[in-house]
Amino acid sequence: MSENINPEEIRKDTPDVENQGAEVAGKVADSIVETVGEVAEKVENYADKTLSELSDMFVQLKDSADRMSRSKEAESIKSAFYKLLGRLKGESGVSDESASSQDNPFEAVEQNFKALYADYKKERAEFNKEQDARREENLAKKQAIIEELKALVEGQEDVSAQFPVFRELQNRWREAGPVPATAFRNINDTYQFYVEKFYDMVKINRDLRDLDFRKNLEAKEAFCEAAEKLAENENVVSAFHELQKLHEQWKEYGPVAKEYREDIWNRFKAATAVINKRYQAHFEGLKEQQADNLVKKTELCEKTEEIAAREITNTAGWNAASREIEEIQAAWRRIGYATKKDNQKIYDRFRAACDAFFSRKREFYSGIKDSMSENMEKKLALIEQAEALKTSTEWKKATDQFIALQKQWKEIGAVPRKKSEALWKRFRAACDEFFAARDANAGGENDFYGNLRAKRKVVEDVQAYEPGADAAADEEAMRTFQERWSAIGHVPFKEKDAVNRAYRDAMQEKFPSFGASRGGGSTHAGRAPRSPKDALIEKYNTLQQNIITYENNIGFFSASKNSEPLIRQMEERIAQAKAELKELEEQIRKAEEGEA
């Protein structure tokens, strides 16, 4: 027959569960309080994401298995989405009252995100409702267990004989699950009251008590093993949270034999200390990394601010600066978060510098757009003059006027690309109509085809000429050819370029000094032949004009979509021309030294 045990002995051998639980809970609470600030750093800063990326992130969250436990992350994505949307609307001049998707290009992405969030919110509400109902059910179960425990304690039977029932009630209590937070403290205090009262009253036999102690010891040894294994987990944050669960489960179990009590608790406490130390070291390392990230981001801010303050006067410069900004933004995204107190400040500084740069860029291209509009007005005026002149039969006078109009057309800068081709076709049509009519009515002094034959004869004579040793004779022959050419009238419009090019090529081949007398006049009119330095200077000036033309072309291309290849081509030409300018500067300098 089993030996009966005095209730006082039971109380003496039973560990102070509440005090032990309070001690563990206090340590865990202190640890959580100390690290809650660092844990917050884990929440991702979505400020650098695009609307599309934020929508995709929300879809991934919504489709994940643990989506119901990630409500804070969902709200963070939502907040970042609408903050970015508001800023983009403001920059684009889109109002909330925009009547159509054409007025509001963000409507589709906004409606899509709103629908995603509404579905998630509805699912979350249903989930919370189910959780609340389950906690109420658990509360009812635990209240029923307390009533049974109360009846067990207050019954007249031998309480020691009721120990299996008491153990069953304990198991049911642990399995019941969480209750509403408002009822947690009261329900647990009531339960602990009757548990302690049971131990006070029971006259349990030693064998049953020892069995209970052994089962508690086995469970707590398993907790120790689990905690020790967690100490090896590379994911420090995950290990810390799992440890909190072990502490909660530890409190659910009763005492162990007195001789094991201190050892088992020290073992569990030692494993806890290892995890807490690693957890603290982890966040200390994060702080150091975040401080280093702050330094790197500060450097990027300074670079961006320098670019935003640059004096940029052409489209090539703006495109090059834009690429620098894009590279800096990509580098920014690769850097992790800065310290908590500085992360938002440094981001605001970076965003302000980027905004300042792109604001100045918009102002520059707005000016180009105005210039293009002015150029378009000028070309329209030339078109109107050409269309008014195209029916003229004063062939010589009108021809000169058309040539003047064409020269003015070439001197006018770029116009909007969508209008450029139509304007040119309209202007060219007026020119073609006039010259076609002029050529069809050729005769007498307007014998254009006769003039063409005469000019071709001059070209043939130049090609047949053989320069001699007498430079003066060659110079006289060159002037004679020039005078013959100038005396001949206009040729058919379509043949003009070809015959002029043939004449220039022939003259340049036979007479090296021909370039100095092109465009009218000759060396005998008081002008000396061009020196090598003059030729270099002329080439230098031509290259400078080419660079201006290329830069204007870039401004023209930048106003249209899919023009990046053309812009790159213009930039390559500009770079090549600038390199040639440097070479010419050196050649001109040497030529000047030779004259000195």
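Please read all numbers here as calculations on a predicted model, not as lab measurements. (Residues numbered from 1 in each chain as written. Predicted model: local features only at pLDDT ≥ 70, side-chain atom pairs only at ≥ 80, totals over all residues. Heavy atoms only, no water.)

**Points about the packing of aromatic side chains**
No. 1: Counting across every chain of the model gives 30 aromatic pairs.
No. 2: An angle of 55 degrees between the planes, with centres 5.4 Å apart, marks the rings of Trp318 and Phe357 as tilted. In this pair, Trp318 sits in helix α11 (residues 315-334) while Phe357 sits in helix α12 (residues 340-389), placing the two residues 39 residues apart along the sequence. Accessibility assignment for this pair places Trp318 and Phe357 in one class, buried.
No. 3: Ring geometry for Phe357 against Phe358: centres 5.0 Å apart, planes inclined by 80 degrees, an arrangement best described as edge-to-face. (Phe/Tyr/Trp six-rings, centres within 6.5 Å; stacked < 30°, edge-to-face > 60°. Helix = DSSP H or I, 4+ residues; strand = E, 2+ residues; numbered from the N terminus. Buried < 20%, exposed > 50% of the residue type's maximum accessible area, 1.4 Å probe, protein only.)

**Examining the packing of helix α3 (residues 51-63) against helix α5 (residues 107-154)**
No. 1: Where α3 contacts α5, the two axes come as close as 11 Å, and the packing angle between them is 20 degrees. With respect to α5, the element α3 is oriented roughly parallel. Taken as a pair, α3 and α5 cross one another with a handedness that is left-handed. For the pair formed by α3 and α5, the contact residues are Leu51, Leu54, Ser55, Phe58, Val59, Leu61 and Lys62 on the first element and Val109, Phe113, Leu116, Tyr117, Asp119 and Tyr120 on the second.
No. 2: Across the contact of α3 with α5, the residue classes tally to 10 nonpolar, 1 polar and 2 charged. (Axes fitted to C-alpha atoms, helices over the stretch in contact; angles between N-to-C directions. Parallel < 35°, antiparallel > 145°, perpendicular 65-115°, else oblique. Left-handed = near helix turned anticlockwise from the far one by under 90°. Contact = heavy atoms within 4.5 Å. Nonpolar A, V, L, I, M, F, W, Y, C, P; charged D, E, K, R; others polar.)

**Digging into α3**
No. 1: Along its 13 residues, α3 runs 18 Å from first to last C-alpha, staying within 8% of the 18 Å computed at 1.5 Å per residue.
No. 2: Among all positions of α3, only Leu51, Leu54, Ser55, Met57, Phe58, Leu61 and Lys62 are buried. The buried residues of α3 occupy an angular sector of 160 degrees when projected down its axis, which confines them to one face. Residues of α3 that are exposed and angled more than 90 degrees away from the buried face: Gln60 and Asp63.
No. 3: Contact partners of the buried residues in α3: α4 (71-92) and α5. (Expected span 1.5 Å × (residues − 1). Arc of directions from axis to C-beta.)

**A short note on the packing of α12 against helix α14 (residues 417-440)**
No. 1: Two elements in contact, α12 and α14, have axes separated by 9 Å at closest approach and are oriented at 20 degrees. The orientation of α12 with respect to α14, classified from their angle, is roughly parallel. In the packing of α12 onto α14, the handedness of the crossing is left-handed. In this structure, α12 uses Met376, Leu380, Leu382, Ile383, Ala386, Glu387 and Leu389 to contact α14, whose residues at the interface are Lys419, Leu423, Arg426, Phe427, Ala430 and Phe434.

**Some words on the nonpolar core**
No. 1: Formed by 23 residues in total, the largest nonpolar core has its most connected members in Leu300, Ile307, Trp318, Trp332, Phe350 and Phe357.
No. 2: Broken down by secondary-structure element, the contributors of at least two residues to this core are α10 (258-308), α11 and α12.
No. 3: Setting aside residues no more than four positions away along its own chain, Ile307 makes contact with Ala321, Glu324, Ile325, Ile328, Phe357 and Arg360. (Core = buried A, V, L, I, M, F, W, Y, C linked by side-chain atoms within 4.5 Å.)

**Concerning α14**
No. 1: Helix length check: α14 (24 residues) gives 35 Å between terminal C-alpha atoms against 34 Å at 1.5 Å per residue, within 8%.
No. 2: For α14, every residue scored as buried is listed here: Leu423, Phe427, Ala430, Cys431, Phe434, Phe435, Arg438 and Asp439.
No. 3: Close packing links the buried residues of α14 with α12, α13 (395-411) and α15 (448-464).

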